[in-house]
Amino acid sequence: MSETFAVDPADDLTARSLTPHVALARVCMVVNPLSGGVGPGAAEDARTILADYPLEAEVIELEAGGFDAAIAAALADRPDLLLILAGDGTAGTIAASVGPDGPLIATLPGGTMNMLPKALYGTTDWKKALRDTLERGEVREVSGGDVGGHTFFCAAILGSPALWAPAREAVRHGRWRLAWLHARRALRRAFGGKLRYGLDGGPMRRTEALVLITPLVSSAMDVDGGLEAAAMSPSGAAEVFRLAAHALFDDWRHDPAVATRTVRRAALKARSRIPAVIDGEPTLLGHEAVAAFRPRAFRALAPRLDAEGARA
């Protein structure tokens, strides 16, 4: 279901000002009311907010089974900006399909983890992110990565520590028994086999896990030179338990068993299917996979953030 409306600044002197950094005349916003961070009234709330601005706007509610057709229709109208209020997986898939030559994209926080929206907008409040984008947004070239056919814009965790993602989510929601069950399963599988990896055509090495981090979220990278590759190489059970604790409660990148470098390509092999968490979404890759840096993934419209992630 969609609805198009427009505000003429000549008729409405109370219209709020749009960003001076890019010309916006027509915008389209797709809303998935079934996403965990959205809700059934989000489309109407979006229409109310968009009506405050001097532009032509269309709001489309995504319906089960009609996602692809709705997105295709939205892109066919060639809007200046495509706003996406949906879960992490849906937003990432749309951004990847639009690519660097499509319209500007704003992936508003409508999911559970909201990794990409938080990196771009510094908030989990989609209404605030929407207004900030319309009023202060600037064009940003967003880089990313691809592994085994899956695109990511924040991070991909590959190997046994990826099995800790369900436990961490359960802890975050206070579901302690479920967290323990997931943690016990992860520990059983953590010793089952190593991941072999080769960086930029170099020799294959063994590790417990490889984490690939994009420049959008990496604190160690200032330019889009590649992905930050962090290899987890615990020497024994004690270090595996420490890494597991970091995966649940802390920042694993500060662990002494983690070594990092910048790469543009990584080859991966394992005896069994490789567990992965790609931008917060758990999945299983094949026995072999290739990861590559994508210097131009899509163009985002987002307000400039300071070093602490607040609006500048």
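Residues numbered from 1 in each chain as written. Predicted model: local features only at pLDDT ≥ 70, side-chain atom pairs only at ≥ 80, totals over all residues. Heavy atoms only, no water.

### Observations regarding the overall build of the protein chain
Put simply, the rule reads: Helix and strand assignments follow DSSP, with helices taken as H or I runs no shorter than four residues and strands as E runs no shorter than two, numbered in order from the N terminus. Relative accessibility decides the category of a residue: with a 1.4 Å probe and only protein chains considered, values under 20% of the type maximum give buried, values over 50% give exposed, and everything between is partly exposed. Contacts: residue pairs with any heavy atoms within 4.5 Å of one another. Using the Shrake-Rupley algorithm and a 1.4 Å probe, accessible areas are obtained, with residue cover drawn only from the displayed protein chains.
For the protein chain, the helix and strand inventory stands at eight helices and 17 strands. Put simply, the protein chain has 312 residues, and 50% of those count as buried. Within the protein chain, residue pairs in contact and separated by at least 24 positions form 70% of the contacts whose partners lie at least 6 positions apart. Summed over its atoms, the accessible surface of the protein chain is roughly 14600 Å², and 52% of this surface lies on carbon and sulfur atoms.

### Some points on the nonpolar core
We apply this condition: Within this scheme, the nonpolar core is defined by two criteria: the residues are buried Ala, Val, Leu, Ile, Met, Phe, Trp, Tyr or Cys, and they are joined through side-chain atoms within 4.5 Å.
Core analysis: the biggest nonpolar cluster contains 54 residues, and Met29 and Phe298 have the highest contact counts within it. Top element by residues in this core is strand β4 (residues 81–86). It accounts for six residues. Ignoring sequence-local partners within four residues, the contact set of phenylalanine 298 consists of Ala95, Gly99, Pro100, Ile105, Leu116, Leu120, Arg140, Glu141, Val142 and Phe153. Ranked by size, the runner-up nonpolar core spans 22 residues in total, among them Ala156, Leu158, Tyr197 and Leu199.

### A word on the packing of aromatic side chains
Pairs of aromatic rings are described using the distance from one ring centre to the other and the angle between the two planes. The criterion, for reference: Note on aromatic contacts: the rings of Phe and Tyr and the six-membered ring of Trp form a pair at centre separations within 6.5 Å, being stacked when their planes are under 30 degrees apart, edge-to-face when over 60 apart, and tilted otherwise.
All told, the structure shown has one aromatic pair when counted by the stated rule. Each ring, one from phenylalanine 153 and one from phenylalanine 298, has its centre 5.0 Å from the other, and the planes form 85°; the classification is edge-to-face. With phenylalanine 153 in the loop between β7 (150–152) and β8 (155–159) and phenylalanine 298 in strand β17 (residues 288–302), this pair connects stretches of sequence that are 145 residues apart. A relative accessible area of 1% means that phenylalanine 153 is categorised as buried. Here phenylalanine 298 falls in the buried class, since its relative accessible area comes to 0%.

### Quick word on helix α1 (residues 42–50)
The periodicity of an α-helix, 3.6 residues per turn, causes residues three or four positions apart to be oriented the same way. Selection rule: Directions are taken from the helix axis to each C-beta atom, and the arc is the one they span.
Among the residues of α1, Ala42, Ala43, Ala46, Arg47, Ile49 and Leu50 are the ones counted as buried. One side of α1 carries all its buried residues, which in axial view fall inside an arc of 165°.

### A few points about the layout of surface pockets
Rolled over the atoms, a probe sized like a water molecule indicates the empty space that remains. Rule in force here: Cavities and pockets are defined on a 1 Å grid built over the protein atoms alone: a cavity is a set of grid points where a 1.4 Å probe fits but cannot escape, while a pocket is an open set with protein on both sides within 12 Å along at least five of seven lines, and lining residues are those with an atom within 4 Å of any such point. Grid points are joined across faces, edges and corners, and a volume is the space filled by probe spheres set on the points. Residues are grouped as follows: nonpolar covers Ala, Val, Leu, Ile, Met, Phe, Trp, Tyr, Cys and Pro; charged covers Asp, Glu, Lys and Arg; every other residue, Gly included, is treated as polar.
The space that makes up the second largest pocket amounts to roughly 280 Å³. Along the wall of the second largest pocket there are 17 residues; nearest its centre are Gly89, Thr151, Ile278, Asp279 and Glu281. Elements supplying a minimum of two residues to the lining of the second largest pocket: α3 (88–98), α4 (115–121), β7 and β16 (281–284). Partitioning the lining of the second largest pocket into residue classes produces eight nonpolar, six polar and three charged.

### Quick notes on the pairing of strand β14 (residues 265–269)
Inclusion rule: DSSP-based pairing: two strands are paired if at least 2 bridges between them are found.
Only one face of β14 is buried: it carries Ala266 and Leu268, and the other face, with Arg265, Ala267 and Lys269, is open. Note that β14 and β17 share five bridges and pair antiparallel. Paired with alanine 267 across the bridge in β17 is valine 290.

### What about the environment of threonine 90?
Turning to its location among the elements, threonine 90 is positioned in helix α3. The spatial distance from the C-alpha of threonine 90 to the C-alpha of glycine 110 is 9.8 Å, given a sequence separation of 20 residues.

### Things to note about the environment of proline 54
By secondary structure assignment, the location of proline 54 is in the loop between α1 and β3 (56–61). On the basis of relative accessible area, proline 54 is assigned to the partly exposed category, the value being 22%. As a C-alpha pair, proline 54 and alanine 15 span 39 residues in sequence and 6.1 Å in three-dimensional space.

### Overview of a positive patch on the surface
The condition that has to hold: Patches here: salt-bridge-free residues with over 30% relative accessible area, like charges joined within 9 Å, nonpolar side chains (Val, Leu, Ile, Met, Phe, Trp, Tyr) joined within 5 Å. Here a salt bridge means any side-chain nitrogen of Lys or Arg lying within 4 Å of a carboxyl oxygen belonging to Asp or Glu. Charge counting follows a simple rule: Lys and Arg are positive, Asp and Glu are negative, and His as well as the terminal groups are ignored. To locate a charge, take atom NZ for lysine, CZ for arginine, CG for aspartate or CD for glutamate.
The grouping of Arg196, Arg206, Lys269 and Arg271 at the surface amounts to a positive patch. Taking relative accessible area as the criterion, arginine 271 reaches 83% and is therefore assigned exposed.

### Some remarks on the pattern of salt bridges
Applying the stated criterion across every chain, the model contains eleven salt bridges. What emerges from the salt-bridge pattern is a single network uniting Arg16, Lys128, Asp132, Glu135 and Arg136.

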